[in-house]
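Working through the structure, step by step
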Amino acid sequence: LAAVDKGSILLTTQSRLFLAGITATPNQVTFSDIGDITNYSGSTPADGGFEDFPQMDGDITALSYIDNWVLVFSKKKIIAFSFDFPTSTTRVTRYKDIADEGCPNQKAVKKMGDQVWYLTPHGGVKMISQIANESLFSVNDLTDEIRPTIKDFVWDDGVLEYNTKDRVWFVAGMSDS
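Summarised in this report is the structure supplied together with it. It should be emphasised that the depicted structure is a prediction, and the values quoted were computed from it without experimental measurement.

1. Description of the side chain of S32
As for its position among the elements, S32 is in the loop between β3 (28-31) and β4 (49-52). At a separation of 2.9 Å, a polar atom in the side chain of S32 contacts the main-chain amide nitrogen of L17. The contact partners of S32, leaving out residues within four places of it in the chain, are R16, L17, I37, N39, Y40, D47 and G48.

2. Regarding the pairing of strand β5 (residues 62-66)
Put simply, side chains in a regular strand alternate between the two faces of the sheet. The buried count for β5 comes to four of five residues, which makes it a mostly enclosed element. Alignment of β5 against strand β6 (residues 69-73), held across five bridges, turns out to be antiparallel. Paired with L63 across the two strands is V72, which belongs to β6. Hairpin remark: β5 followed by β6, antiparallel, with two residues in the connecting loop; positive phi at D67, about 55°.

3. Observations regarding the pairing of β3
The side-chain alternation of β3 yields two buried faces, one formed by Q28 and T30 and the other by V29 and F31. Pairing of strand β2 (residues 16-20) with β3, which is carried by two bridges, proceeds in the antiparallel orientation. In the strand pairing of β3, F18 is matched with F31. Examined bridge by bridge, β3 and β4 share four bridges and lie antiparallel to one another. By the bridge assignment for β4, F31 is matched with G49.

4. Regarding the nonpolar core
Counting 21 residues, the largest nonpolar core has L71, F73, I78, Y118 and I128 as its most contacted members. Sorting elements by how many residues they give to this core places strand β10 (residues 115-119) first, with four residues. Leaving out residues up to four positions away in the same chain, I78 has contacts with L71, V72, F73, K96, D97, I98, A99, E101, G102, Y118 and I128. Residues F18, V72, F81 and F83 belong to the second largest nonpolar core, which totals 15 residues.

Parameters and conventions
- Residues numbered from 1 in each chain as written.
- Predicted model: local features only at pLDDT ≥ 70, side-chain atom pairs only at ≥ 80, totals over all residues.
- Heavy atoms only, no water.
- Helix = DSSP H or I, 4+ residues; strand = E, 2+ residues; numbered from the N terminus.
- Polar contact = N/O pair within 3.5 Å; in protein donor to acceptor, adjacent residues only side chain to side chain.
- Contact = heavy atoms within 4.5 Å.
- Buried < 20%, exposed > 50% of the residue type's maximum accessible area, 1.4 Å probe, protein only.
- Pairing = 2+ DSSP bridges.
- Core = buried A, V, L, I, M, F, W, Y, C linked by side-chain atoms within 4.5 Å.

Here's what the structure looks like:
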């Protein structure tokens, strides 16, 4: 594990640890072996490795998942990737463009059941869901009606939280810079 750079963004899913937010590789997601978060390289499909995302148009800001898809966020984009294993010796990575607006940081992303909710860099709240068992995703903007009340806020360190007891979403940002 000492050979792997430490990331500031962590995600556990699919019996792997996914890392991003590594200073030396800001557009890369590193992942562990299946079932072994201490090993990040090898030659079999179950072994760890990394995926590069130069198309993110900025540093990776957050990670989440839906089903077998890992969602990779920057401030300007969301891309999903998943692994297929056509043979016992082959791993193939599939990619899907999800949205052209991402989120400012990991605190602005929340997984709620089979949906991912996120705060945009401009103060919008959006929800990503997978359509049936297809490899298709839907992104819904949930803030059109309240947007005039939150204009001119700064969302770089915005936070999105859900209180399950009261069934209320909380969104925090700064009123000015």
